Amino acid sequence: MSRIAFVNGRYVPQAKAQVHVEDRGYQFADGVYEVAFVLGGRMVDEPGHLARLSRSLEALAMAMPMTEAALGAVLRETIARNRLVDGIVYVQINRGVAPRAHAFPKGPLRPSIVVTVKLMPVPRDADTWAGVAVVTLPDLRWKRVDVKTVGLLANCMAKQAAAEARAYEAWMVDDQGLVTEGASTNAWIVDGEGRTVTRPLGPDILPGITRDVVLRLARAHGVPVIERAFTVVEAKAAREAFLTSTTSFVRPVISIDGQTIGNGATGSVTRKLLGLYLDHARGAGLAAA
Ligand code: PDD
């Protein structure tokens, strides 16, 4: 079955979907996006994704083109029209179409909206979600990566470097030698005392929805967590490491720059958090977290 996309108010076959050549998203990366997981046909953490989308738009002085409730309905309709069971739903909102000029166009501009879906694998349990390798490299991004914009070239370059090193992810490192986050994931370690550590929110990381849910699940289930930045040296000596995102869930990291983490297998804290997160994603766990 060919896929259906929602484009500026209409549901169209994705192969025929088109955007304007002077769309500011295309010319300036002047747009924001969200990716939500769809599990069993149902969006995971829909309110969190919609709220973050609103915050991203606000940070760029772009108007939300429809209410969060209406957008939620469009996302669900796109999922339904594609008969998507397990996968992701992607939404991108750009400032709109205008003759190319850097400053925001004066007067009202109709934002462009595109919604698409894609099939994605789902981990059944911790045993089928293999640990992955990570490489580290300098964080070359701009200073507002808490805004989920489509300006992802530095992230793409980092991911490409990881792919060339046969790694799953690149952990980006700031000028102080502290890990910020992955190219498309948040970064975590478990220290020598068994405490789970992840960088606090700020302009230098994306406020991951998965990160937020995992923090809440950890606290609710007595797993000690600290929000502080950690160095690459510390990460390589960590008892466990893992990463989180909408599509990675909680994914064990078993090597960093070729150095084995712990005993090279999924650690007990990571296993527990993945289990809790899977239950949550399937509809149990924290209600509306
Ligand atoms: N990536 N950090 C970055 C830079 C990201 O792009 C993402 C998400 C995350 C994790 O956020 P969340 O838990 O809300 O997915 C962290 C999405 C999935 C993507 O670009 O495909």
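Our subject is the structure that appears above.
1. Quick look at the sheet that holds strand S2 (residues 10-13)
And step 1. The antiparallel open sheet is built from 6 strands, whose spatial order is S2-S1-S6-S5-S3-S4. Edge strands, defined here as strands with exactly one partner in the open sheet, are S2 and strand S4 (42-43).
And step 2. Sheet topology places strand S1 (residues 4-7) next to S2; 4 bridges connect them, and they run antiparallel. Looking across to S2, one finds that Ile-4 is bridged to Pro-13.
And step 3. Across the sheet, helix H2 (residues 46-59) lies against strand S3 (31-39), S4 and strand S5 (87-94), angled at about 175° from S3, the strand it touches most.

2. So, the site of the ligand
And step 1. In the vicinity of the ligand there are 19 residues, among which Tyr-33, Glu-181, Ile-209, Thr-210 and Thr-246 approach most closely.
And step 2. Arg-52 places a side-chain nitrogen or oxygen 2.8 Å from an oxygen atom of the ligand.
And step 3. In the environment of the ligand, an oxygen atom lies 2.8 Å from a nitrogen or oxygen atom belonging to the backbone of Ile-209.
And step 4. For the ligand, whose accessible area on its own is 470 Å², the fraction buried by protein is 90%.
And step 5. Broken down by secondary-structure element, the contributors of at least two residues to the shell around the ligand are S3, strand S9 (179-182), helix H5 (209-220) and strand S13 (240-245).
And step 6. Of the residues that constitute the shell around the ligand, the class distribution is 5 nonpolar, 10 polar and 4 charged.
And step 7. Residues from two domains meet in the shell around the ligand; each of domain 1 (4-119) and domain 2 (132-288) gives at least three.

3. What about the pattern of salt bridges?
And step 1. Within the structure shown, the criterion is met by 19 salt bridges.
And step 2. Among the ionic pairs, Arg-195 bridges to Glu-193, the shortest N-O distance being 2.9 Å.
And step 3. For Arg-195, a relative accessible area of 31% corresponds to the partly exposed category.
And step 4. Here the salt bridges do not stand alone but share partners, grouping Arg-24, Asp-30 and Arg-95 into one network.

4. Thoughts on unusual backbone geometry
And step 1. Phi at Asn-8 is positive, roughly 45°, even though this residue is not glycine.
And step 2. Taking the relative accessible area as the measure of exposure, Asn-8 reaches 31% and is therefore partly exposed.
And step 3. Within the chain, Arg-83 stands out as a residue other than glycine whose phi angle is a positive 50°.
And step 4. Among the secondary structure elements, Arg-83 is positioned in the loop between helix H3 (68-81) and S5.

5. Things to note about H2
And step 1. Here H2 spans 20 Å end to end across 14 residues, near enough to the 20 Å set by a 1.5 Å rise per residue.
And step 2. Of all the positions in H2, only Glu-46, His-49, Leu-50, Arg-52, Leu-53, Ser-54, Ser-56 and Leu-57 are classed as buried.
And step 3. Packing partners of the buried residues in H2 comprise S3, S4, H3, S5 and H5.
And step 4. Residue Ala-61 follows H2 closely and has a positive phi angle near 55°.

6. Comments concerning the packing of H5 against helix H7 (residues 268-281)
And step 1. Closest axis-to-axis distance for the H5/H7 pair is 10 Å, and the angle between their directions is 110°. It follows that H5 is roughly perpendicular to H7 by the angle criterion. As H5 runs across H7, the sense of the crossing is right-handed. Contacts between H5 and H7 involve Thr-210, Val-213, Val-214, Leu-217 and Ala-218 from the former and Leu-273, Leu-276, Tyr-277 and His-280 from the latter.

The rules we used
One numbering rule holds for all chains: residues counted from 1, following each sequence as written. Where totals are concerned, whole chains, interfaces and linings use all residues; where local detail is concerned, this predicted model gives features only for residues with pLDDT of at least 70, and gives and counts side-chain atom pairs only at 80 or more. Only hydrogens and water are set aside when side-chain values are computed; all heavy atoms of the structure are taken into account. Paired strands are those between which DSSP finds at least two bridges. Working definition: helices are DSSP H or I runs of at least four residues, strands are E runs of at least two. Numbering for both runs from the N terminus. In what follows, a contact means two residues having at least one pair of non-hydrogen atoms within 4.5 Å. Whenever a helix is involved, its axis is fitted only over the stretch in contact; in every case the axis is a line through C-alpha atoms, and angles between N-to-C directions fall within 0 to 180 degrees. The cutoff for a nearby residue is simple: one of its non-hydrogen atoms must lie within 4 Å of the molecule or strand. The definition of a polar contact used here is a pair of N or O atoms within 3.5 Å, where within protein one atom must be able to donate a hydrogen and the other to accept one, and adjacent residues in sequence count solely through side-chain atom pairs. The protein chains shown are the only cover counted for residues, whose accessible areas, like all others here, come from Shrake-Rupley with a 1.4 Å probe. Only Asp, Glu, Lys and Arg are considered charged in this grouping, and only Ala, Val, Leu, Ile, Met, Phe, Trp, Tyr, Cys and Pro are considered nonpolar; every other residue, Gly among them, is considered polar. Residue ranges for the domains originate in an automatic or database domain assignment. Should a side-chain nitrogen of Lys or Arg be within 4 Å of a carboxyl oxygen of Asp or Glu, the pair is scored as a salt bridge. Here the term buried applies to any residue with accessible area under 20% of the maximum for its type, exposed to any over 50%, and partly exposed to those in between, with areas from a 1.4 Å probe on protein chains only. Between the first and last residue of a helix there are one fewer steps than residues, each counted as 1.5 Å, and that sum is the expected span. Orientation labels follow simple angle bins: below 35 degrees gives roughly parallel, above 145 gives roughly antiparallel, 65 to 115 gives roughly perpendicular, and whatever is left gives oblique. By the definition used in this description, the sense in which the near helix is turned from the far one sets the handedness, with an anticlockwise turn below a right angle giving left-handed and a clockwise turn giving right-handed.

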